[in-house]
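Report on the structure
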Amino acid sequence: MIPQIEIDKNKCPTPYECKKCLQICPQAVFAVAPTKVERFKETAPEDYEVQAVFKDKCVLCMDCVKVCPTGAIKIKVRSN
Amino acid sequence: MCELCEKYGDNGSRWYLNPQNYARPLYKKVEKGKEKEPMILTELQGPFYYKPLIELKDDPEAFEKMREGYSKFHETMGGQVVCLEDAKKMVEIAQPIARMDCICRRITRATLEDGKQRPRTCLGVGVGMFRWEEWPERYKGGVEFLSTEEAKKHIEHWHKRGMVITIMTFGTPYIGGICLCDYPDCLAIRMRLDYGIKPMLLKGHQVAKVNYEECTGCGTCVQRCQFGAIKMEVTTKKSNIDMTRCFGCGVCAYACPQDAISLIDREKLPALKEEW
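Cut-offs and rules
- What you see as residue numbers is a count from 1 along each chain, following the sequence as written.
- As they are written, the chains are lettered A onward and the ligands numbered 1 onward, keeping that order.
- Local features in a predicted model are, by the rule used here, given only for residues with pLDDT of at least 70; side-chain atom pairs are given and counted only at 80 or more, and totals for whole chains, interfaces and linings are based on all residues.
- Each side-chain value is worked out from all heavy atoms of the structure, with water and hydrogens disregarded.
- Note on conventions: DSSP H or I runs of at least 4 residues are helices, E runs of at least 2 residues are strands, and numbering of each starts at the N terminus.
- Should any heavy atoms of two residues lie within 4.5 Å, those residues are counted as being in contact.
- Think of it this way: Lys and Arg go in the positive column, Asp and Glu in the negative one, and His and the chain ends go nowhere.
- Charge coordinates come from a single atom per side chain, which is NZ of Lys, CZ of Arg, CG of Asp or CD of Glu.
- Points on a 1 Å grid over protein atoms alone make up a cavity when a 1.4 Å probe fits among them but cannot get out, and a pocket when they form an open set with protein on both sides within 12 Å along at least five of seven lines; lining residues each have an atom within 4 Å of a point.
- Grid points are joined across faces, edges and corners, and a volume is the space filled by probe spheres set on the points.
- Only Asp, Glu, Lys and Arg are considered charged in this grouping, and only Ala, Val, Leu, Ile, Met, Phe, Trp, Tyr, Cys and Pro are considered nonpolar; every other residue, Gly among them, is considered polar.
- Per the annotation, domain bounds derive from an automatic or database assignment of domains.
- Accessible area that two parts lose when put together, evaluated with a 1.4 Å probe and summed over both, is termed the buried area.
- Salt bridges, as used here, are contacts in which a Lys or Arg side-chain nitrogen is within 4 Å of a carboxyl oxygen on Asp or Glu.
- Two N or O atoms count as a polar contact when they lie within 3.5 Å, although within protein this holds only if one can serve as hydrogen donor and the other as acceptor, and sequence-adjacent residues are included solely when both atoms are side-chain atoms.
- What makes a nonpolar core is a set of buried Ala, Val, Leu, Ile, Met, Phe, Trp, Tyr and Cys residues whose side-chain atoms join them at distances within 4.5 Å.
- The rule is simple: take the accessible area with a 1.4 Å probe, protein chains only, and divide by the maximum for that residue type; under 20% is buried, over 50% is exposed, in between is partly exposed.

1. Structural notes on the overall build of chain A
For chain A, the helix and strand inventory stands at 3 helices and 4 strands. Reading chain A from its N terminus to its C terminus gives the helix and strand order β-α-α-β-β-α-β. Principal-axis analysis of the C-alpha atoms gives chain A an extent of 50 × 20 × 20 Å. Looking at chain A alone, contacts between residues at least 24 apart form 65% of all its contacts between residues at least 6 apart. The averaged location of the 10 negative side-chain charges in chain A is 5 Å from the averaged location of its 13 positive side-chain charges.

Structural data, given as structure tokens:
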């Protein structure tokens, strides 16, 4: 069973600045990265994206859902 | 024999002590063809760490595919654990050396090591570092060039605090980084331990062994091991290192107050010499 963790990009415009979910997760499930990198330019905060990469490590403690200030994270568990 | 030494070593020497693997021509080779267009990270890193894991749902087939993808990826990027002694030798070969923000930690925990709020941990090596100002996103927070002696001190400082020393290639065998890593924020360690992707991080040339006569069972090494290889034997009050799990980083040996842990050559142990 691997939980489905979805992050609403519209509700999470600047994940690198906020970083609450990234830092609270006991299993370090999330990753944040710039969607583009250009020469001689720092990536704008809006061009970062956070995603649940290590989903199979999630223990469903829901800390990220609680800590997210905009409610952008949704976790679903598929029942088999 | 270590796969990388076989291919890139100099007459049986360790590959990372071969000065050719730090040489400028290799760097140029990596850059070729990438110069014209702006680098789009999600595409570039697709097979690296990002996309396949996202697509990995409850699908064992997708997982297998991902592992395959990563295994091929080591031609571009790969790593190996090195012990402190070897790292110091590497620093003597590599020039220039610059302290920089750890990219893995920025990805997994969104921290920024700018040298002010947080100390910088990783070292970038080689001619590429001279061009750091071209890529302000990658070298966020700036870099700080170090002398050979300063670099040795830097590595030892973090090693003492429990970090594993690893090397990273950018276009194997071009050595571009000496990293100071721990679990779970190091993506290379994580890929290897959690997903079994070997080429991301090969084991080092040593393995640690406990001298039971010297060990007092204080447990310092148990806390330090990033690979889960050390356990405390409760009844004998001795620490036990599973040498098949040991990566030979030497963090436990450095920390042991009794000097009861020694690093021995992996290739001298027939059962472990092909275990990388």
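And the narrative resumes.
2. Quick notes on the layout of surface pockets
All names here are of chain B. Looking at the second largest pocket, its volume works out to about 240 Å³. Looking at side-chain class alone, the lining of the second largest pocket contains 4 nonpolar, 5 polar and 7 charged residues. Residue-level mapping places the lining of the second largest pocket at the junction of two domains, with at least three residues from each of domain 1 (3-21 + 73-202) and domain 2 (206-268).

3. Concerning the interface of chain A and chain B
With 34 residues of chain A in contact, the opposing surface of chain B contributes 32 residues. Buried surface at the junction of chain A and chain B, both sides included, amounts to about 3,200 Å², of which 53% is carbon and sulfur. For chain A, the biggest contributors to the area lost against chain B are Val37, Arg39 and Phe54 of chain A; these three give 21% of the whole. One salt bridge in this structure joins Arg39 of chain A and Glu134 of chain B, with 3.2 Å as the shortest N-O distance. In this structure, the connection of chain A to chain B is made through 14 residue pairs in polar contact (both at pLDDT 80 or more). Grouping the amino acids of the side of chain A that touches chain B by side-chain chemistry returns 17 nonpolar, 6 polar and 11 charged.

4. Some thoughts on the domain arrangement of chain B
Interfaces are often described in size by the accessible area the parts lose on coming together. Residue and element names in this part refer to chain B. Looking at the assigned domains, one finds that chain B contains domain 1 (3-21 + 73-202) and domain 2 (206-268). Just the C-alpha atoms count here: the centres of domain 1 and domain 2 sit 24 Å apart. Each side of the interface is counted separately: domain 1 has 20 residues, and domain 2 has 12 residues. Carbon and sulfur atoms make up 61% of the surface buried where domain 1 meets domain 2, a total of about 1,300 Å² over both sides. Ranking the residues of domain 1 by area buried against domain 2 places Cys83, His159 and Lys160 at the top, with a combined share of 31%. The tally of links from domain 1 across to domain 2 stands at 1 salt bridge.

5. A look at the nonpolar core
In summary, soluble globular proteins display a tendency toward joint burial of nonpolar side chains. Ranked by internal contacts, the top residues of the largest apolar core, which has 27 residues, are Ile155 and Ile178 of chain B. Taken together, the elements giving at least two residues each to this core come down to helix H1 (3-8), helix H6 (84-93), strand S3 (122-125), helix H8 (148-160), strand S5 (164-170) and strand S6 (175-181) of chain B. Top contributing element to this core by residue count: H6 of chain B, with 4 residues. Contacts of Ile155 of chain B, omitting those with residues within four sequence positions, involve Leu84, Ala87, Val91, Leu123, Ile165, Ile178 and Leu180 of chain B. By size, the runner-up hydrophobic cluster in this structure holds 19 residues, among which are Leu22, Cys25, Val32 and Ala72 of chain A.

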